[in-house]
Amino acid sequence: MLVAEILKSKGGDVFSVAPDISLSAACAELDSRRVGALIVCDGDRVVGVISERDVVKAVAADGVAGLGKPVSAYMTRDVIFAEPGETVAILMERMTDRRIRHLPVLKDNRLSGVISIGDVVKCQIAEATREAESLRTYIAAG
């Protein structure tokens, strides 16, 4: 399955924040949106990702005071992207190798969605279920 197909079924909603909002405000956004990461954008340009893991690192490093600092102080700046034509297998490899759980998707250099590890797992489970059902049907017909 391709990234474009996953986005078509889940939607292309992207939850983003500006780099200058406080980490506390970003945490509130993570909670209200019920997501594990937010894309950090400066205008139309992706400049980072702030994830639950980044929040934990911030609190471990700076304690409660870190919550008042801007997201830009803690965000992951080296953003790894996915493209609509890539396969789930490629995403799984990239996510595993880089130990990341969210990949922003760029289409024509514009942000068009986010793929999470949960999306990838859901896709793999659906594919395995389809294959098993196909085998059952084939065996039953034989």
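Here, every reference points to the structure presented above.
Residues numbered from 1 in each chain as written. Predicted model: local features only at pLDDT ≥ 70, side-chain atom pairs only at ≥ 80, totals over all residues. Heavy atoms only, no water.

Asker: Describe unusual backbone geometry, and please don't skip the residues or the numbers.
Answerer: Despite not being glycine, Arg 99 shows a phi value in the positive range, around 55 degrees. Among the structural elements, Arg 99 can be located in the loop between helix H4 (88-98) and strand S4 (102-107). Look at Arg 99 and you get exposed, because its relative accessible area is 63%. With a phi close to 55 degrees, Asp 108 is a non-glycine residue in the positive phi region. In this fold, Asp 108 is placed in the loop between S4 and strand S5 (110-116). (Helix = DSSP H or I, 4+ residues; strand = E, 2+ residues; numbered from the N terminus. Buried < 20%, exposed > 50% of the residue type's maximum accessible area, 1.4 Å probe, protein only.)

Asker: Residue-level account of the pattern of salt bridges, with values.
Answerer: By the definition in use, this model includes 7 salt bridges. For Glu 133, the salt bridge is made with Arg 136, and the minimal N-O distance between the two is 2.7 Å. Residue Glu 133 and its partner Arg 136 are located together in helix H5 (residues 117-141), separated by 3 residues, close to a single helical turn. (Salt bridge = Lys/Arg side-chain N within 4 Å of Asp/Glu carboxyl O.)

Asker: Please set out helix H2 (residues 23-33) residue by residue, giving values where relevant.
Answerer: Taken together, the buried positions of H2 are occupied by Leu 23, Ala 26 and Leu 30. Viewed end-on, H2 has its buried residues packed into an arc of 55 degrees, placing them on one side of the element. When the buried face of H2 is taken as reference, the exposed residues oriented beyond 90 degrees from it are Asp 31 and Ser 32. The inward-facing, buried residues of H2 contact strand S2 (37-42), strand S3 (45-51) and helix H3 (52-62). Two residues or fewer past H2, Arg 34 is found with a positive phi of approximately 55 degrees. (Arc of directions from axis to C-beta. Contact = heavy atoms within 4.5 Å.)

Asker: Which residues make up H3, and what values do they have?
Answerer: Since there are 3.6 residues in each turn of an α-helix, residues three or four apart along the chain are aligned in direction. For H3, the set of buried residues is Asp 54, Val 55 and Ala 58. In an axial view of H3, the angular spread of the buried residues amounts to 100 degrees, which keeps them on one side of the axis. Those residues of H3 that are exposed and aimed more than 90 degrees away from the buried face are Val 56, Lys 57 and Ala 60. Contacts made by the buried residues of H3 are with H2 and S3.

Asker: So what's going on with the environment of Ile 50? Residues and values would help.
Answerer: Here Ile 50 shows up in strand S3. Under the relative-accessibility criterion, Ile 50 is labelled buried at 0%. In the structure, Ile 50 is positioned 24 residues away from Ala 26 in sequence and 8.0 Å away in space, judged by C-alpha atoms. Residues contacting Ile 50, with those up to four places away along its chain left out, are Val 17, Leu 23, Leu 30, Gly 36, Ala 37, Leu 38, Val 40, Val 71, Tyr 74 and Met 75.

Asker: Give me the lowdown on the pairing of S4, citing residues and values where you can.
Answerer: In this structure, S4 lies alongside S5, joined through 6 bridges in antiparallel fashion. Looking at S5, one finds that Leu 103 is bridged to Ile 115. Here S4 folds back onto S5, and the loop between the two strands holds 2 residues, one of which, Asp 108, carries a positive phi near 55 degrees. (Pairing = 2+ DSSP bridges.)

Asker: Any details on the sheet that holds S2? Residues and values, ideally.
Answerer: Strand order in the open sheet made by the 3 strands is S1-S2-S3, with mixed pairing throughout. Of all the strands in the sheet, just strand S1 (16-17) and S3 have a single pairing partner and so form its edges. On top of the sheet, H2 reaches S1, S2 and S3; it is set at about 130 degrees to S2, its chief contact. (Axes fitted to C-alpha atoms, helices over the stretch in contact; angles between N-to-C directions.)

Asker: Kindly report on a nonpolar patch on the surface, identifying the contributing residues and their values.
Answerer: Together, Ile 117, Val 121 and Ile 125 line one region of the surface with nonpolar side chains, adding up to about 250 Å² of accessible area. Mapped onto the secondary structure, Ile 117 falls in helix H5. (Patch = residues over 30% accessible without salt bridge, like charges linked within 9 Å, V, L, I, M, F, W, Y side chains within 5 Å. Areas by Shrake-Rupley, 256 points an atom, 1.4 Å probe, with all protein chains shown as cover.)

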